[in-house]
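# Notes for the structure review
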Amino acid sequence: MADVRIRDLSKSFGSLEVIRGVGFDIEDGEFVVLVGPSGCGKSTLLRMIAGLEGITSGRISIGGKVVNHLPPSQRDIAMVFQNYALYPHKTVSANMAFALRMRRIDKAEIAERVRRAAEILGLTPYLNRYPRALSGGQRQRVAMGRAIVRDPQVFLFDEPLSNLDAKLRVQMRAEIRELHQRLKTTTVYVTHDQIEAMTMADRIVVMQDGSIEQIGTPLEVYDRPDNTFVAGFIGSPAMNMLDAVIHRRDGQCWADVDGVRLRVGGSDRPGDGREVTIGIRPEHLYPDSAGLAGQIAVVEPTGAETHVVVRVLGQDMTAVLRERLDVRPGQDIHLSADPSAIHLFDRSDGRRLS
């Protein structure tokens, strides 16, 4: 196991800069998820750590050793790809053992490593099968087993679950997390799925346009997003955003949204007349006759809760209601939120206001 240190890392393809001065640390044994929309640079960053992409400037160290100019084979890392990358003409056992055979490791040790990895991943009954005879989830386990047998310092996962169906993704998320807790190997995991990031990570690195927007534990990023991008990206359904003006009266702080006042909690709030964007998570909205007026556009019952899309001031807001209210599209509704649950962001640059 080893830590990973990234310092002022940049990557350009000609005049196009895709990674912009990125820097952060991954501690020994930590599970860090790089998350962001497609094209934000997260997979490129992972490939730079792996040595599959060159570095324009900056430094990467693994276990205290600078690896900028080392090929992937000398970085002591193992990578699990989105498309499994299995040899179709080799059995599961041969696929898992291939890298070890290339390194001319003793046959008895190879057999023992493959046996242990297969046992951990529940692949023992399938060792003599070929990839074509396996399900998607089983193929992904084989790809993970191929990484495990190498006993690397760092695991790198590049969107490994994106080809699986929804139910299998949930199962594999739990299996990968359990595997990490068992092996304690430093892990860097790339995904565009913020649910994967929230459920799997020790820490999340949120990226946009080749830069880091925020780093923190899943709940830190969810409860205190640094800006409107992070607030809108992390959380499902996404946070609702509305423009407002702050007013202070009698020691209380109010957000005026087109004439409707919503009280804002906390002692450290912006000054009177400040133009802001307020953010409210869907689960923090509730019906209230004194709240924002809107018309129900969509009702989505999910069983445990009901998602209601409400058209407010020309834009859609989503409320997650735990109670089974009798609501239908076309009905009028008023929504409010707990003052302590309202987030404030500067309207000009989108940064969080404390």
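Predicted model only: the values in this text are computed from it and were never measured.

In this structure, strand S1 (residues 4–13) lies alongside strand S4 (residues 57–62), joined through five bridges in antiparallel fashion. Considered in S4, the bridge of Ser10 is made with Ser57. For S1 and strand S2 (residues 16–26), the ladder comprises seven bridges, and the chain directions are antiparallel. Looking at S2, one finds that Val4 is bridged to Ile26. The turn joining S1 and S2, which pair antiparallel and follow one another in sequence, is formed by two residues; a positive phi near 65 degrees is taken by Gly14.

Val35, Met96, Met144, Ile176, Tyr189, Val206 and Ile234 are the most contacted members of the largest nonpolar core, which totals 47 residues. Excluding residues within four positions of it along the chain, Ile176 makes contact with Phe31, Met144, Phe157, Pro160, Leu161, Tyr189 and Met200.

Relative orientation of the contacting elements helix H2 (residues 92–102) and helix H4 (residues 136–148) amounts to 35 degrees, with a least axis distance of 8 Å. Crossing handedness for the pair H2 and H4: right-handed. Listed contacts from H4 to Val92, Asn95 and Met96 of H2 are Val142, Gly145 and Arg146.

Scoring rules and cut-offs
Residues numbered from 1 in each chain as written. Predicted model: local features only at pLDDT ≥ 70, side-chain atom pairs only at ≥ 80, totals over all residues. Heavy atoms only, no water. Pairing = 2+ DSSP bridges. Helix = DSSP H or I, 4+ residues; strand = E, 2+ residues; numbered from the N terminus. Core = buried A, V, L, I, M, F, W, Y, C linked by side-chain atoms within 4.5 Å. Buried < 20%, exposed > 50% of the residue type's maximum accessible area, 1.4 Å probe, protein only. Contact = heavy atoms within 4.5 Å. Axes fitted to C-alpha atoms, helices over the stretch in contact; angles between N-to-C directions. Left-handed = near helix turned anticlockwise from the far one by under 90°.

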